[in-house]
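Commentary on secondary and tertiary structure
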Amino acid sequence: MTRRTFKAMGTDIELLVEAEKPEGALAAAEAEFHRLEALLSRFRPDSELSQLNERGSLRAGPDLLEVVRLGIQARRQTGGRFDLTVHDAVVASGYDRTFDELPAEGAAPAGGSRCGGGVRVDGNRIELDEGVRLDFGGIGKGYAAENAATILGTAGPCLVNAGGDVATRGGSWPIGVETADGALTIELATGGLATSGRDRRRWQRAGKELHHLIDPLTGKPAAGDLLRATVIAPDAIQAEVWAKALFLAGSHAAAEEADAHGLPCVLVTETGETRLAGGLG
Amino acid sequence: MTSHVGRIYVTAITLFVFFLTWAVVAARPFPSASRPTADPRLQALVVREQRLRRESVLVQKLVAHRWATYRTQLAKRQSQIAAAKQAQARQAQLAAVAAAAPASGPSVRVVSLPAITVTRTS
(Lines give C-alpha, C1' and ligand atoms only; values in the text may rest on other atoms or scores of the structure.)
Protein backbone atom coordinates (compact mmCIF):
# COMPACT_ATOMS: atom_id res chain seq x y z
CA MET A 1 0.00 0.00 0.00
CA THR A 2 1.26 3.47 -0.87
CA ARG A 3 0.55 6.55 1.22
CA ARG A 4 0.95 10.19 0.26
CA THR A 5 0.26 13.17 2.50
CA PHE A 6 0.17 16.86 1.69
CA LYS A 7 -1.61 20.05 2.71
CA ALA A 8 -4.53 21.51 0.82
CA MET A 9 -7.78 23.25 1.63
CA GLY A 10 -6.41 24.27 5.00
CA THR A 11 -6.02 20.71 6.25
CA ASP A 12 -3.93 17.56 5.96
CA ILE A 13 -4.75 15.33 3.03
CA GLU A 14 -3.91 11.64 3.05
CA LEU A 15 -4.06 9.37 0.02
CA LEU A 16 -3.85 5.57 0.42
CA VAL A 17 -3.84 3.23 -2.54
CA GLU A 18 -3.17 -0.43 -3.14
CA ALA A 19 -1.48 -0.58 -6.52
CA GLU A 20 1.89 -1.50 -7.98
CA LYS A 21 2.64 1.77 -9.73
CA PRO A 22 0.32 4.38 -8.28
CA GLU A 23 2.57 7.44 -8.75
CA GLY A 24 0.65 8.86 -11.70
CA ALA A 25 -2.72 8.43 -10.03
CA LEU A 26 -1.42 9.86 -6.74
CA ALA A 27 -0.07 12.93 -8.51
CA ALA A 28 -3.34 13.40 -10.39
CA ALA A 29 -5.39 13.04 -7.20
CA GLU A 30 -3.21 15.59 -5.42
CA ALA A 31 -3.50 17.94 -8.38
CA GLU A 32 -7.28 17.58 -8.19
CA PHE A 33 -7.26 18.91 -4.62
CA HIS A 34 -5.20 21.94 -5.61
CA ARG A 35 -7.37 22.56 -8.67
CA LEU A 36 -10.57 22.46 -6.63
CA GLU A 37 -9.08 24.59 -3.87
CA ALA A 38 -8.26 27.26 -6.47
CA LEU A 39 -11.90 27.19 -7.62
CA LEU A 40 -13.81 26.78 -4.36
CA SER A 41 -11.85 28.56 -1.61
CA ARG A 42 -13.42 31.64 -0.07
CA PHE A 43 -9.95 32.76 1.01
CA ARG A 44 -8.70 33.19 -2.55
CA PRO A 45 -9.97 36.38 -4.15
CA ASP A 46 -9.47 34.95 -7.63
CA SER A 47 -11.44 31.76 -7.00
CA GLU A 48 -14.74 31.20 -8.79
CA LEU A 49 -16.49 31.17 -5.42
CA SER A 50 -15.04 34.57 -4.46
CA GLN A 51 -16.13 36.00 -7.81
CA LEU A 52 -19.64 34.64 -7.26
CA ASN A 53 -19.76 36.08 -3.74
CA GLU A 54 -18.54 39.42 -5.02
CA ARG A 55 -20.88 39.72 -8.02
CA GLY A 56 -23.91 37.84 -6.75
CA SER A 57 -24.29 36.18 -10.13
CA LEU A 58 -21.88 34.16 -12.21
CA ARG A 59 -21.75 31.94 -15.26
CA ALA A 60 -19.97 29.15 -13.43
CA GLY A 61 -17.83 26.16 -14.31
CA PRO A 62 -19.00 22.59 -13.75
CA ASP A 63 -17.42 22.14 -10.31
CA LEU A 64 -18.87 25.30 -8.79
CA LEU A 65 -22.24 24.45 -10.33
CA GLU A 66 -22.15 20.93 -8.96
CA VAL A 67 -21.17 21.97 -5.44
CA VAL A 68 -23.90 24.61 -5.38
CA ARG A 69 -26.46 22.08 -6.64
CA LEU A 70 -25.36 19.60 -3.97
CA GLY A 71 -25.52 22.34 -1.35
CA ILE A 72 -29.06 23.32 -2.34
CA GLN A 73 -30.09 19.66 -2.22
CA ALA A 74 -28.43 19.22 1.18
CA ARG A 75 -30.21 22.29 2.53
CA ARG A 76 -33.54 20.71 1.53
CA GLN A 77 -32.61 17.24 2.86
CA THR A 78 -31.51 18.52 6.25
CA GLY A 79 -34.35 20.96 6.73
CA GLY A 80 -31.97 23.92 6.50
CA ARG A 81 -29.43 22.73 9.08
CA PHE A 82 -26.89 22.49 6.30
CA ASP A 83 -26.77 25.78 4.47
CA LEU A 84 -24.23 27.20 2.04
CA THR A 85 -25.28 30.75 2.90
CA VAL A 86 -23.47 30.84 6.24
CA HIS A 87 -20.53 32.79 4.79
CA ASP A 88 -21.28 36.10 6.48
CA ALA A 89 -22.13 34.40 9.77
CA VAL A 90 -18.80 32.53 9.75
CA VAL A 91 -16.95 35.75 9.00
CA ALA A 92 -18.96 37.65 11.63
CA SER A 93 -17.98 35.06 14.22
CA GLY A 94 -14.34 35.86 13.53
CA TYR A 95 -13.36 33.19 10.98
CA ASP A 96 -12.43 35.83 8.41
CA ARG A 97 -9.14 34.40 7.15
CA THR A 98 -7.55 30.98 6.77
CA PHE A 99 -7.50 29.06 10.01
CA ASP A 100 -3.68 29.05 10.07
CA GLU A 101 -3.72 32.87 10.00
CA LEU A 102 -6.51 33.22 12.54
CA PRO A 103 -5.39 34.75 15.87
CA ALA A 104 -6.33 32.63 18.87
CA GLU A 105 -7.59 35.71 20.73
CA GLY A 106 -9.31 38.83 19.54
CA ALA A 107 -12.02 41.41 20.04
CA ALA A 108 -15.68 40.52 20.40
CA PRO A 109 -17.22 39.31 17.16
CA ALA A 110 -19.80 41.35 15.29
CA GLY A 111 -22.49 38.85 16.23
CA GLY A 112 -24.80 36.65 14.21
CA SER A 113 -25.55 37.27 10.60
CA ARG A 114 -28.36 36.44 8.24
CA CYS A 115 -28.44 32.94 6.72
CA GLY A 116 -30.85 31.22 4.42
CA GLY A 117 -31.00 33.60 1.45
CA GLY A 118 -31.94 32.49 -2.02
CA VAL A 119 -29.51 30.57 -4.21
CA ARG A 120 -30.64 29.72 -7.74
CA VAL A 121 -29.05 27.73 -10.53
CA ASP A 122 -30.32 28.42 -14.03
CA GLY A 123 -28.39 26.48 -16.64
CA ASN A 124 -24.78 27.31 -15.90
CA ARG A 125 -25.61 30.58 -14.15
CA ILE A 126 -25.71 30.85 -10.37
CA GLU A 127 -27.63 33.73 -8.83
CA LEU A 128 -27.62 34.76 -5.19
CA ASP A 129 -30.09 36.97 -3.40
CA GLU A 130 -28.73 40.40 -2.59
CA GLY A 131 -26.26 40.24 0.28
CA VAL A 132 -26.01 36.43 0.19
CA ARG A 133 -22.54 34.87 0.06
CA LEU A 134 -21.62 31.21 0.07
CA ASP A 135 -19.16 29.18 2.10
CA PHE A 136 -18.22 25.64 1.06
CA GLY A 137 -16.60 24.80 4.41
CA GLY A 138 -19.15 22.05 5.03
CA ILE A 139 -19.05 20.39 1.64
CA GLY A 140 -15.95 21.36 -0.35
CA LYS A 141 -13.55 18.86 1.19
CA GLY A 142 -16.03 16.02 0.81
CA TYR A 143 -16.52 16.94 -2.84
CA ALA A 144 -12.77 17.11 -3.41
CA ALA A 145 -12.23 13.80 -1.59
CA GLU A 146 -14.80 12.10 -3.82
CA ASN A 147 -13.25 13.54 -6.99
CA ALA A 148 -9.75 12.53 -5.89
CA ALA A 149 -10.95 9.03 -4.95
CA THR A 150 -12.45 8.62 -8.40
CA ILE A 151 -9.09 9.50 -9.94
CA LEU A 152 -7.03 7.43 -7.53
CA GLY A 153 -9.42 4.52 -7.83
CA THR A 154 -8.30 4.01 -11.43
CA ALA A 155 -5.01 2.67 -10.02
CA GLY A 156 -6.55 0.36 -7.42
CA PRO A 157 -8.52 0.24 -4.17
CA CYS A 158 -7.99 3.55 -2.41
CA LEU A 159 -8.91 5.80 0.47
CA VAL A 160 -8.79 9.60 0.48
CA ASN A 161 -8.84 11.36 3.84
CA ALA A 162 -9.34 15.11 3.56
CA GLY A 163 -8.90 16.22 7.15
CA GLY A 164 -11.46 13.72 8.42
CA ASP A 165 -13.70 13.55 5.35
CA VAL A 166 -13.04 10.10 3.97
CA ALA A 167 -13.89 8.71 0.53
CA THR A 168 -13.16 5.14 -0.53
CA ARG A 169 -13.10 3.14 -3.74
CA GLY A 170 -12.85 -0.62 -3.29
CA GLY A 171 -11.03 -2.46 -0.54
CA SER A 172 -11.83 -2.55 3.12
CA TRP A 173 -10.44 0.16 5.39
CA PRO A 174 -10.18 0.21 9.19
CA ILE A 175 -10.63 3.85 10.19
CA GLY A 176 -10.08 5.24 13.66
CA VAL A 177 -12.81 7.43 15.16
CA GLU A 178 -12.07 9.52 18.23
CA THR A 179 -14.52 8.86 21.05
CA ALA A 180 -14.72 9.95 24.65
CA ASP A 181 -13.18 6.64 25.68
CA GLY A 182 -10.38 6.51 23.14
CA ALA A 183 -10.28 5.41 19.55
CA LEU A 184 -12.93 3.21 17.99
CA THR A 185 -12.08 1.41 14.76
CA ILE A 186 -14.68 1.23 12.05
CA GLU A 187 -14.17 -0.92 8.99
CA LEU A 188 -15.53 0.82 5.95
CA ALA A 189 -15.92 -1.25 2.79
CA THR A 190 -17.89 1.19 0.66
CA GLY A 191 -19.10 4.73 1.07
CA GLY A 192 -17.76 7.76 2.85
CA LEU A 193 -17.24 8.98 6.38
CA ALA A 194 -16.91 12.44 7.91
CA THR A 195 -16.61 14.06 11.29
CA SER A 196 -17.95 17.45 12.35
CA GLY A 197 -17.28 18.96 15.71
CA ARG A 198 -16.18 21.90 17.75
CA ASP A 199 -13.08 20.35 19.28
CA ARG A 200 -10.86 21.83 16.54
CA ARG A 201 -11.13 24.98 14.43
CA ARG A 202 -12.05 27.02 17.47
CA TRP A 203 -10.85 30.39 18.71
CA GLN A 204 -11.59 32.91 21.39
CA ARG A 205 -13.02 36.39 21.07
CA ALA A 206 -13.38 38.60 24.14
CA GLY A 207 -12.84 35.54 26.30
CA LYS A 208 -15.62 33.58 24.64
CA GLU A 209 -14.85 30.37 22.80
CA LEU A 210 -16.17 30.20 19.27
CA HIS A 211 -16.05 27.57 16.55
CA HIS A 212 -16.75 27.22 12.86
CA LEU A 213 -20.00 25.23 12.90
CA ILE A 214 -22.64 27.87 12.37
CA ASP A 215 -26.29 27.17 13.13
CA PRO A 216 -28.14 28.73 10.19
CA LEU A 217 -31.17 29.36 12.42
CA THR A 218 -29.26 31.73 14.70
CA GLY A 219 -26.36 32.73 12.47
CA LYS A 220 -24.03 31.96 15.38
CA PRO A 221 -21.74 29.07 16.31
CA ALA A 222 -23.94 26.13 17.34
CA ALA A 223 -24.44 25.59 21.05
CA GLY A 224 -25.69 22.01 21.30
CA ASP A 225 -24.56 19.26 23.65
CA LEU A 226 -22.46 17.42 21.06
CA LEU A 227 -18.72 17.78 20.84
CA ARG A 228 -18.33 15.73 17.70
CA ALA A 229 -20.42 13.69 15.25
CA THR A 230 -19.00 11.11 12.86
CA VAL A 231 -21.31 9.86 10.12
CA ILE A 232 -20.95 7.08 7.57
CA ALA A 233 -22.91 7.65 4.35
CA PRO A 234 -22.90 6.48 0.73
CA ASP A 235 -20.24 9.07 -0.09
CA ALA A 236 -18.04 11.63 1.63
CA ILE A 237 -20.23 14.53 0.52
CA GLN A 238 -23.35 13.15 2.18
CA ALA A 239 -21.32 12.09 5.19
CA GLU A 240 -20.00 15.64 5.60
CA VAL A 241 -23.44 17.17 5.17
CA TRP A 242 -25.10 14.82 7.65
CA ALA A 243 -22.27 15.07 10.15
CA LYS A 244 -22.98 18.78 10.44
CA ALA A 245 -26.77 18.30 10.41
CA LEU A 246 -26.63 15.71 13.20
CA PHE A 247 -24.14 17.81 15.16
CA LEU A 248 -26.59 20.71 15.11
CA ALA A 249 -29.51 18.46 16.07
CA GLY A 250 -28.04 17.60 19.47
CA SER A 251 -27.31 14.12 20.81
CA HIS A 252 -30.87 12.91 21.44
CA ALA A 253 -32.42 14.12 18.18
CA ALA A 254 -29.30 13.14 16.25
CA ALA A 255 -29.51 9.54 17.43
CA GLU A 256 -33.21 9.37 16.57
CA GLU A 257 -32.63 10.87 13.15
CA ALA A 258 -29.68 8.59 12.44
CA ASP A 259 -31.79 5.55 13.35
CA ALA A 260 -34.68 6.79 11.20
CA HIS A 261 -32.47 7.42 8.16
CA GLY A 262 -30.21 4.42 8.67
CA LEU A 263 -27.15 6.62 9.05
CA PRO A 264 -24.43 4.83 11.04
CA CYS A 265 -22.86 7.40 13.32
CA VAL A 266 -20.73 7.97 16.39
CA LEU A 267 -21.89 10.82 18.62
CA VAL A 268 -19.61 12.21 21.31
CA THR A 269 -21.12 14.62 23.83
CA GLU A 270 -19.34 17.39 25.68
CA THR A 271 -19.98 15.48 28.91
CA GLY A 272 -17.85 12.59 27.67
CA GLU A 273 -20.50 10.14 26.52
CA THR A 274 -20.15 8.16 23.30
CA ARG A 275 -23.26 6.96 21.55
CA LEU A 276 -23.46 4.71 18.48
CA ALA A 277 -26.59 5.03 16.37
CA GLY A 278 -27.98 4.35 12.93
CA GLY A 279 -27.35 0.63 13.11
CA LEU A 280 -23.69 0.88 14.11
CA GLY A 281 -22.37 -1.24 16.93
CA MET B 1 -148.21 1.71 -88.90
CA THR B 2 -146.76 -1.44 -87.59
CA SER B 3 -143.84 -0.92 -89.85
CA HIS B 4 -143.51 2.73 -88.77
CA VAL B 5 -143.64 1.99 -85.08
CA GLY B 6 -141.25 -0.80 -85.65
CA ARG B 7 -138.81 1.50 -87.30
CA ILE B 8 -139.05 3.94 -84.42
CA TYR B 9 -138.39 1.15 -81.93
CA VAL B 10 -135.50 -0.12 -84.01
CA THR B 11 -134.08 3.40 -84.33
CA ALA B 12 -134.47 4.04 -80.61
CA ILE B 13 -132.87 0.71 -79.72
CA THR B 14 -130.10 1.37 -82.18
CA LEU B 15 -129.45 4.81 -80.69
CA PHE B 16 -129.57 3.32 -77.14
CA VAL B 17 -127.11 0.61 -78.07
CA PHE B 18 -124.90 3.17 -79.82
CA PHE B 19 -124.73 5.53 -76.80
CA LEU B 20 -124.34 2.60 -74.42
CA THR B 21 -121.42 1.32 -76.41
CA TRP B 22 -119.97 4.83 -76.54
CA ALA B 23 -120.24 5.20 -72.78
CA VAL B 24 -118.63 1.86 -72.21
CA VAL B 25 -115.80 2.65 -74.56
CA ALA B 26 -115.38 6.12 -73.04
CA ALA B 27 -115.12 4.57 -69.57
CA ARG B 28 -112.06 2.40 -70.63
CA PRO B 29 -112.83 -0.47 -68.33
CA PHE B 30 -109.83 -2.50 -69.73
CA PRO B 31 -106.17 -1.46 -69.81
CA SER B 32 -105.05 -0.31 -73.11
CA ALA B 33 -102.25 -2.20 -74.74
CA SER B 34 -100.82 1.06 -75.92
CA ARG B 35 -100.81 2.67 -72.42
CA PRO B 36 -97.29 4.04 -71.79
CA THR B 37 -95.17 2.50 -68.82
CA ALA B 38 -93.76 4.57 -65.83
CA ASP B 39 -90.55 6.66 -66.37
CA PRO B 40 -87.47 4.37 -65.78
CA ARG B 41 -85.49 7.30 -64.24
CA LEU B 42 -88.24 7.76 -61.68
CA GLN B 43 -88.19 4.07 -60.95
CA ALA B 44 -84.42 4.18 -60.52
CA LEU B 45 -84.75 7.10 -58.14
CA VAL B 46 -87.33 5.25 -56.13
CA VAL B 47 -85.08 2.20 -55.94
CA ARG B 48 -82.17 4.39 -54.97
CA GLU B 49 -84.19 6.14 -52.29
CA GLN B 50 -85.19 2.83 -50.82
CA ARG B 51 -81.59 1.63 -50.86
CA LEU B 52 -80.41 4.83 -49.21
CA ARG B 53 -83.04 4.52 -46.53
CA ARG B 54 -81.85 1.01 -45.78
CA GLU B 55 -78.25 2.14 -45.76
CA SER B 56 -79.11 5.09 -43.54
CA VAL B 57 -80.65 2.78 -41.00
CA LEU B 58 -77.57 0.57 -41.11
CA VAL B 59 -75.24 3.57 -40.70
CA GLN B 60 -77.25 4.86 -37.77
CA LYS B 61 -77.04 1.47 -36.12
CA LEU B 62 -73.29 1.37 -36.80
CA VAL B 63 -72.75 4.89 -35.40
CA ALA B 64 -74.78 4.06 -32.32
CA HIS B 65 -72.71 0.94 -31.78
CA ARG B 66 -69.45 2.79 -32.28
CA TRP B 67 -70.54 5.63 -29.98
CA ALA B 68 -71.39 3.13 -27.28
CA THR B 69 -68.02 1.44 -27.77
CA TYR B 70 -66.22 4.82 -27.64
CA ARG B 71 -68.03 5.83 -24.45
CA THR B 72 -67.09 2.53 -22.85
CA GLN B 73 -63.45 2.86 -23.90
CA LEU B 74 -63.37 6.53 -22.83
CA ALA B 75 -64.65 5.66 -19.39
CA LYS B 76 -62.10 2.87 -19.13
CA ARG B 77 -59.26 5.16 -20.30
CA GLN B 78 -60.30 7.92 -17.93
CA SER B 79 -60.23 5.50 -15.04
CA GLN B 80 -56.78 4.31 -16.18
CA ILE B 81 -55.54 7.93 -16.35
CA ALA B 82 -56.93 8.65 -12.90
CA ALA B 83 -55.25 5.52 -11.54
CA ALA B 84 -51.97 6.47 -13.24
CA LYS B 85 -52.16 9.98 -11.78
CA GLN B 86 -52.75 8.57 -8.33
CA ALA B 87 -49.83 6.17 -8.77
CA GLN B 88 -47.64 9.04 -10.01
CA ALA B 89 -48.60 11.15 -7.02
CA ARG B 90 -47.78 8.26 -4.70
CA GLN B 91 -44.43 7.74 -6.42
CA ALA B 92 -43.63 11.47 -6.18
CA GLN B 93 -44.49 11.34 -2.50
CA LEU B 94 -42.26 8.31 -1.99
CA ALA B 95 -39.48 9.96 -4.04
CA ALA B 96 -39.71 13.07 -1.88
CA VAL B 97 -39.45 10.96 1.25
CA ALA B 98 -36.55 9.00 -0.25
CA ALA B 99 -34.83 12.23 -1.29
CA ALA B 100 -35.09 13.52 2.24
CA ALA B 101 -33.05 10.60 3.49
CA PRO B 102 -29.63 9.63 2.21
CA ALA B 103 -29.46 6.56 0.03
CA SER B 104 -28.52 3.43 1.85
CA GLY B 105 -25.36 1.72 0.87
CA PRO B 106 -22.34 2.13 3.10
CA SER B 107 -20.97 -1.14 4.40
CA VAL B 108 -19.59 -0.56 7.87
CA ARG B 109 -18.90 -2.37 11.14
CA VAL B 110 -16.97 -1.86 14.34
CA VAL B 111 -13.80 -3.96 14.43
CA SER B 112 -10.85 -4.48 16.74
CA LEU B 113 -8.23 -3.99 14.02
CA PRO B 114 -5.60 -1.27 14.21
CA ALA B 115 -6.74 1.79 12.29
CA ILE B 116 -5.01 2.57 9.02
CA THR B 117 -6.09 6.20 9.17
CA VAL B 118 -8.06 8.43 11.55
CA THR B 119 -11.02 10.71 11.04
CA ARG B 120 -11.24 13.83 13.12
CA THR B 121 -13.08 17.09 13.09
CA SER B 122 -12.42 18.66 9.72
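The preceding data block contains the structure.
Residues numbered from 1 in each chain as written. Chains lettered and ligands numbered in written order. Predicted model: local features only at pLDDT ≥ 70, side-chain atom pairs only at ≥ 80, totals over all residues.

1. Observations regarding the sheet that holds strand β7 (residues 165-169) of chain A
Residues and elements named next belong to chain A. Filter applied, for reference: Two strands qualify as a pair provided that DSSP identifies no fewer than 2 bridges between them. Counting from the N terminus, the helices are the DSSP runs of H or I reaching at least four residues and the strands are the DSSP runs of E reaching at least two. Structural elements are reduced to axes, namely lines fitted to C-alpha atoms, with helices fitted over the stretch in contact, and the angle between N-to-C directions of any two is expressed from 0 to 180 degrees.
If you trace the 8 strands from one edge of the open sheet to the other, you get β1-β2-β6-β7-β10-β15-β16-β17, paired in antiparallel fashion. Two strands in the sheet have a free side with no partner beyond their single neighbour: β1 (2-8) and β17 (274-277). Adjacent strand axes in the sheet meet at a mean angle of 10 degrees when their direction is disregarded. In the sheet, strand β16 (residues 265-269) pairs with β17 via 4 bridges, with the strands oriented antiparallel. Of the residues in β17, the one forming a bridge with V268 is T274.

2. Comments concerning the interface of chain B and chain A
The condition that has to hold: Residues are defined as contacting one another if the C-beta atoms placed from their backbone atoms lie within 7 Å. Residue polarity is assigned by list, with Asp, Glu, Lys and Arg as charged and Ala, Val, Leu, Ile, Met, Phe, Trp, Tyr, Cys and Pro as nonpolar; anything else, Gly included, falls into the polar class.
Facing 24 residues of chain B, the contacting portion of chain A comprises 47 residues. Put simply, the parts of the chain that give the side of chain B that touches chain A at least two residues each are α2 (40-100), β1 (107-111) and β2 (117-119) of chain B. Of all the elements, β1(B) adds the most residues to the side of chain B that touches chain A, at 5 residues. Grouping the constituent residues of the side of chain B that touches chain A by class yields 14 nonpolar, 8 polar and 2 charged. Here strand β9 (residues 182-190) of chain A runs beside β1(B); their pairing, made up of 5 bridges, is antiparallel. Directly across from E187(A), in β1(B), lies its bridge partner R109(B).

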